[in-house]
Amino acid sequence: MKVLVTGATGFVGSAILLALHRRRGIQVVAACRRPDLLPVGFTGDVRVGDLMNRSYRSEVLEGVDMVCHAASWAALWNHRESERERFFQPTVDLIDQAVQYGVRRFILTSTIAAGTPVPVGAVLQQAPPGQHTGLWPHMDFLVDVERHMEAQSGGQTQMVSLRLGHFVGAGNLMGLIPALVPRLRTHLVPWLDGGRRRLPLIADDDIGEAFACAVEATSLAPFERINVCGDEFPTMQELVRFIVEVEGLSAPHYSVPYPLAYAFGWLMERAPWLYGGEPFLTRAIVHLAENWVASGTEAETKLGYRPTKNWRVAVRQHLSALRSGRGAEARRSRLV
């Protein structure tokens, strides 16, 4: 079986390469722009190109049985047109091309934040259809991609959206941890609702394992939307206090309610003269810090996926890589 991994040099893509590398009977095809950034020791087929190019999107699917789509472009604020041009339109076309080629399964990297946060103390049993919020263009476009996948399902190509928790692990340069650390250094970050909300962290190794399980799963419906998280859901307070301990920082000194945080994020997004660069706070960051607790039953039943890597181990590795400035290079030796 030949499996194409797009975004193969990124955080998610390299984790998928590692997991598939361990499976017998799978030939991995890496799609990327910079083959020199592939994990050292990767010996599979490499198809170099840019997914912004429609011809490449067609050529890269030649002879492929399944696609793990880890390529993305995202920002935590604004940039709607860039998201549309660099992520949404190429992804939709890649899906359409995969259907035309008769690819057996298309697996999308999505986010649990495309769903609906649950009240404190509740557990999300299944991944519901996504709804636009207007808070974060990337998330809204992911909802549109899922809708397109569902519309294209029912033929030869199965469509699977893996709604992953918040990524943690060495090499991840975007998301909750990279957003939190520099802001904590300013002593201006408050607790949101006392830090009581729970977070769906998922480690790099578990991300790769989830995709490998989705490749090998044998009893999937034409369209699947599945939440995939780690084995624990720490509160924001537990996560921040762990970061503070590891990095020698100060914990937040006060707390604000979520409505006030959303209002302040809205103001920061619309008043660039206040900060002169990237906003200190955005509504997307607040949304990521909502309460996200999902049952692992569906992922285990449908995919055979069980998380194994503790979030503290992954966060410590994540912080170490950020501190050293290694970034994406932190994962390059994994296939040796």
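Relevant structure appears above.
Residues numbered from 1 in each chain as written. Predicted model: local features only at pLDDT ≥ 70, side-chain atom pairs only at ≥ 80, totals over all residues. Heavy atoms only, no water.

**Q** Please clarify how the side chain of Gln158 should be interpreted in this entry.
**A** Here Gln158 is to be found in strand E6 (residues 158-164). With a relative accessible area of 18%, Gln158 lands in the buried category. There is a polar contact of 2.8 Å between the side chain of Gln158 and the backbone oxygen of Leu220. Sequence-distant contacts of Gln158, that is, excluding residues within four places in its chain, are made with Arg104, Arg105, Phe106, Leu220, Ala221 and Pro222. (Helix = DSSP H or I, 4+ residues; strand = E, 2+ residues; numbered from the N terminus. Buried < 20%, exposed > 50% of the residue type's maximum accessible area, 1.4 Å probe, protein only. Polar contact = N/O pair within 3.5 Å; in protein donor to acceptor, adjacent residues only side chain to side chain. Contact = heavy atoms within 4.5 Å.)

**Q** Just to check I follow, could you spell out the pattern of salt bridges for this structure?
**A** Oppositely charged side chains can pair when the atoms bearing their charge come close. Under the criterion given, the structure shown has 26 salt bridges. Arg197 is paired through a salt bridge with Glu290; the nearest N and O atoms lie 2.7 Å apart. On the criterion of sequence distance, the pair formed by Arg197 in the loop between strand E8 (191-192) and strand E9 (201-203) and Glu290 in the loop between helix H9 (283-288) and helix H10 (297-303) is long-range, its members being 93 residues apart. Given the relative accessible area of 17%, Arg197 is considered buried. Between Glu232 and Arg312 there is a salt bridge, with its nearest N and O atoms 3.9 Å apart. Within this pair, whereas Glu232 is found in the loop between strand E10 (223-228) and helix H7 (236-247), its partner Arg312 is found in helix H11 (residues 311-324), the two being separated by 80 residues in sequence. (Salt bridge = Lys/Arg side-chain N within 4 Å of Asp/Glu carboxyl O.)

**Q** Quick question: what am I supposed to make of the packing of aromatic side chains here?
**A** For any pair of aromatic rings, the description rests on two quantities: the centre-to-centre distance and the angle between the ring planes. Overall, the coordinates contain 4 aromatic pairs when judged by the stated rule. Aromatic side chains Phe242 and Trp311 sit 5.6 Å apart centroid to centroid with 70° between the ring planes, which places their arrangement in the edge-to-face category. With a gap of 69 residues between them, Phe242 in helix H7 and Trp311 in helix H11 connect regions that are remote in the sequence. Each of the two residues, Phe242 as well as Trp311, counts as buried. When the ring centre of Phe280 is taken as origin, the NZ or CZ atom of Arg183, which lies over that ring, is 5.9 Å away. Over the face of the ring belonging to Tyr258 we find Arg197, whose NZ or CZ atom lies 4.0 Å from the ring centre. (Phe/Tyr/Trp six-rings, centres within 6.5 Å; stacked < 30°, edge-to-face > 60°. Lys NZ or Arg CZ within 6 Å of the ring centre and 35° of its normal.)

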